[in-house]
Amino acid sequence: MMDFLEEPIPGVGTYDDFNTIDWVREKSRDRDRHREITNKSKESTWALIHSVSDAFSGWLLMLLIGLLSGSLAGLIDISAHWMTDLKEGICTEGFWFNHEHCCWNSEHVTFEDRDKCPEWNSWSQLLISTDEGAFAYIVNYFMYVLWALLFAFLAVSLVKVFAPYACGSGIPEIKTILSGFIIRGYLGKWTLIIKTITLVLAVSSGLSLGKEGPLVHVACCCGNILCHCFNKYRKNEAKRREVLSAAAAAGVSVAFGAPIGGVLFSLEEVSYYFPLKTLWRSFFAALVAAFTLRSINPFGNSRLVLFYVEFHTPWHLFELVPFILLGIFGGLWGALFIRTNIAWCRKRKTTQLGKYPVIEVLVVTAITAILAFPNEYTRMSTSELISELFNDCGLLDSSKLCDYENRFNTSKGGELPDRPAGVGVYSAMWQLALTLILKIVITIFTFGMKIPSGLFIPSMAVGAIAGRLLGVGMEQLAYYHHDWAIFNSWCSQGADCITPGLYAMVGAAACLGGVTRMTVSLVVIMFELTGGLEYIVPLMAAAMTSKWVADALGREGIYDAHIRLNGYPFLEAKEEFAHKTLAMDVMKPRRNDPLLTVLTQDSMTVEDVETIISETTYSGFPVVVSRESQRLVGFVLRRDLIISIENARKKQDGVVSTSIIYFTEHSPPMPPYTPPTLKLRNILDLSPFTVTDLTPMEIVVDIFRKLGLRQCLVTHNGRLLGIITKKDVLKHIAQMANQDPDSILFN
């Protein structure tokens, strides 16, 4: 008899698609590997060098992830900026210049008309040689809609044909993958290539979506692909998930130019297992990614984001009231958005609508473009809109939002005192109110379509508009009623008391918090964006208020809601299990079910095992001493069994269907002329997790969460009674919450 398993078999210890990894086994294998390398390092210089390179490989991998994510983010930023401007016109000096770069070197630009230069031609100038009159307006309108439809069509077609996984923001799936689930191809090279291209197209089409969420997916794809260059990470799924946590941090770092916010986002929002070592590596990856993007300088202003601002006016204690009001608005909008968006996505899944993704994208794009063009605030890209709303009006601003009366009668250098609103400000308020309504409605239908679509930027835009409207209202109130008790103690007439841009920033944070339920990472991202440390308290007040209000109306954030909608097996660590059920209430088989399918340790033939494998779909089988005793020996995975038997048939002479399989240490002597036996003890897990039938389910749920188990065996006085899988736990939790237990789709 051969124990052919002394040599590792390719494929044993790996996982099928849509299965959960065994965290305990993966961590144990990594410890064994590390112990072996450490022991060998004392034997020779070469082994010592190998040990040092193994320890250093994690940092090298982080460096590569940071460089690649930063480079791709820079490429996406530059391309999206150029293609967004392409909808309105083209540069005759060089078609590859966007509007801003085209007019930079022009000698014919006046200060008032700094956006107009002879080198930049609108489509009406190119096609009918004039920019004036109704016909020119119609030509520009038509070209704007046409380009938007072309970009959206290309995006959805590329996703549909080449990489179906490249749609959406990717964060719900990344959360699920980081919790130990396997979705093959989700972080592959095709997904990376198509997501990068289609993200530029989707953002440029003018749809109400952002690139920030998908950049996390792009960074995680980079992390996953680069893992294949290092043996340590290629062969161990748990180690790879540590790398993906750091890659998610690098993704947020380049999305917002916020390295510390990125690390906290990964810790607070997406990671399932986050040891201290991963924290340091995430920090390093986020730092390298931000540095790379800063070197590329995509916006030409030495900033990492388009809407970087700096405020200098201090805020007053009374202003916490409007800031908390913005928090309440953010919470209400977040809860409303999640409910309506999930209802629409469920309708898409369960009706004919889901079969026509291209038509859906084109219809939404056409509606968005037709409604967006007449209003300058919906026509501009959402990042530019946020930038304009965050902006603190100075003497040099030509925006309508800064069209105040007596704006040049100032004695305070470049800063402006509070002043009465002019015609431009009132007109901007109306346009912003219409923009707010459009953004609120259209984002519900846009998020979840079959194109890359982030939610950070649309949510921030909704909050920034609401905040700016409230900010201007407060400013005018303080100007006309500075003698009111609430103002007279801190706001003297003509002083610069209220900053509308700050209200926009607080509103943006409140709405983003209401939708995603981020708190700490959100505040850090916002103050890294704005460089305003003194505004942490307003941001914290708004973020906490929005979370409380949104949680009161619905416990789930948008990503958790999409995880539940898609039926992914994600065990939420933040939820408490408060029901008094026992392991015997959840385990399979139940009282009237057929007996549990088991293997015996020394009495089953290859044919018996192959029959069980072909007749069942279970991911693994308990091994017992005998059917009579039902005393537990261990647990063996289906995939390992199949691969081992196939390998034995090829490599071990004489293995036939009647060969007996042994899971024991020693096999008894066999009579002559019997076929060789097959020893499979090496693939047997001899220490499977077991609980007794009277263990409370809250303890079982805790064990599953904290150890990342796939399954747990239930015993009574040492005899095997049943099995509880992660899917059983999720179904039980859904049942206890009066939800449909069959919505959990995967193993």
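As a reminder, the structure under discussion sits directly above these lines.
Note that the coordinates shown come from a computational prediction; the quantities given were computed from them, not determined experimentally. (Residues numbered from 1 in each chain as written. Predicted model: local features only at pLDDT ≥ 70, side-chain atom pairs only at ≥ 80, totals over all residues. Heavy atoms only, no water.)

1. Some details on the sheet that holds strand β7 (residues 660–662)
Either a parallel or an antiparallel arrangement is found when strands of a sheet pair, and the pairing is made through backbone hydrogen bonds. The sheet built from 3 strands is open, its strands ordered β4-β7-β8 with mixed pairing. The sheet is open, and its two edges are formed by β4 (604–605) and β8 (678–679), each paired on a single side. Here 2 bridges tie β4 to β7, and the two strands are oriented antiparallel to one another. The residue bridging M604 from the neighbouring strand is I661, located in β7. (Pairing = 2+ DSSP bridges. Helix = DSSP H or I, 4+ residues; strand = E, 2+ residues; numbered from the N terminus.)

2. Side note on the environment of A246
Locating A246 in the fold gives a position in helix α10 (residues 237–256). For the pair A246 and S603, spaced 357 residues apart in the sequence, the C-alpha separation amounts to 48 Å.

3. Considerations on the packing of aromatic side chains
Using the criterion set out here, one finds 22 aromatic pairs in the structure. On the numbers, 5.2 Å between centres and 55° between planes, the contact of Y165 with Y186 is tilted. Here Y165, found in the loop between α5 (134–162) and α6 (171–178), pairs with Y186, found in the loop between α6 and α7 (189–204); they are 21 residues apart in sequence, far enough to count as distant. On the accessibility criterion, Y186 (3% relative accessible area) is buried. Cluster of aromatic residues (ring-pair linked, three or more members): W82, F95, W96 and F97. Seen from the ring of F373, R379 lies directly overhead, with NZ or CZ sitting 4.8 Å from the centre. (Phe/Tyr/Trp six-rings, centres within 6.5 Å; stacked < 30°, edge-to-face > 60°. Buried < 20%, exposed > 50% of the residue type's maximum accessible area, 1.4 Å probe, protein only. Lys NZ or Arg CZ within 6 Å of the ring centre and 35° of its normal.)

4. Things to note about the environment of V425
In this fold, V425 is placed in helix α17 (residues 423–446). For the pair V425 and C402, spaced 23 residues apart in the sequence, the C-alpha separation amounts to 6.6 Å. Ignoring sequence-local partners within four residues, the contact set of V425 consists of K400, L401, D403, Y404 and V472. (Contact = heavy atoms within 4.5 Å.)

5. A closer look at the packing of α6 against helix α23 (residues 558–566)
In contact at an axis separation of 8 Å, α6 and α23 are set at 75° when each is read in the N-to-C sense. Taken together, α6 and α23 sit at an angle that is classed as roughly perpendicular. Where α6 approaches α23, its residues I171, P172, E173, K175 and T176 are matched on the opposing element by Y559, D560, H562, I563 and N566. Across the contact of α6 with α23, the residue classes break down as 4 nonpolar, 3 polar and 3 charged. (Axes fitted to C-alpha atoms, helices over the stretch in contact; angles between N-to-C directions. Parallel < 35°, antiparallel > 145°, perpendicular 65-115°, else oblique. Nonpolar A, V, L, I, M, F, W, Y, C, P; charged D, E, K, R; others polar.)

6. Concerning unusual backbone geometry
For the peptide bond that leads from K588 to P589, omega is 0°, which places it in the cis range. Structurally, P589 can be placed in the loop between α24 (583–586) and β3 (599–600). One non-glycine residue, N297, lies in the positive phi region at around 55°. Tracing the sequence through the fold places N297 in the loop between α12 (276–296) and α13 (320–350). Non-glycine residue R517 carries a positive phi angle of around 65°. Residue position: R517 is located in the loop between α20 (500–516) and α21 (520–530).

7. Here's the deal with the nonpolar core
Core analysis: the biggest nonpolar cluster contains 139 residues, and F256, F390, I451, M460 and M526 have the highest contact counts within it. Counting residues per element, this core draws most heavily on α20, which supplies 11 residues. Counting residues in each nonpolar core, the second largest holds 20 residues, with L599, V636, V655 and F663 among its members. (Core = buried A, V, L, I, M, F, W, Y, C linked by side-chain atoms within 4.5 Å.)

8. A word on the pairing of strand β10 (residues 711–716)
Where burial is concerned, most of β10 is hidden: 5 out of the 6 residues are buried. Where strand β9 (residues 690–692) lies against β10, 3 bridges are found, and the strand directions are parallel. By the bridge assignment, T690 is partnered in β10 with L713. Traced from β9 through helix α27 (residues 697–707) to β10, the parallel crossover comes out right-handed. Relative to strand β11 (residues 719–725), β10 runs antiparallel, the two sharing 6 bridges. Note that in β11 the partner of L713 across the bridge is I723. Hairpin remark: β10 followed by β11, antiparallel, with 2 residues in the connecting loop; positive phi at N717, about 55°. (Right-handed = clockwise from strand over helix to strand, strands pointing away.)

9. Details of the sheet that holds β9
Judged by pairing direction, the sheet is mixed, and its 3 strands sit side by side in the order β9-β10-β11 without closing on themselves. At either end of the open sheet lies a strand with only one pairing partner, and these are β9 and β11. The mean inter-strand angle of the sheet, taken between neighbouring strand axes irrespective of direction, is 35°. Strands in contact with α27 are β9, β10 and β11; relative to β11, the strand with the most contacts, it is inclined by about 65°.

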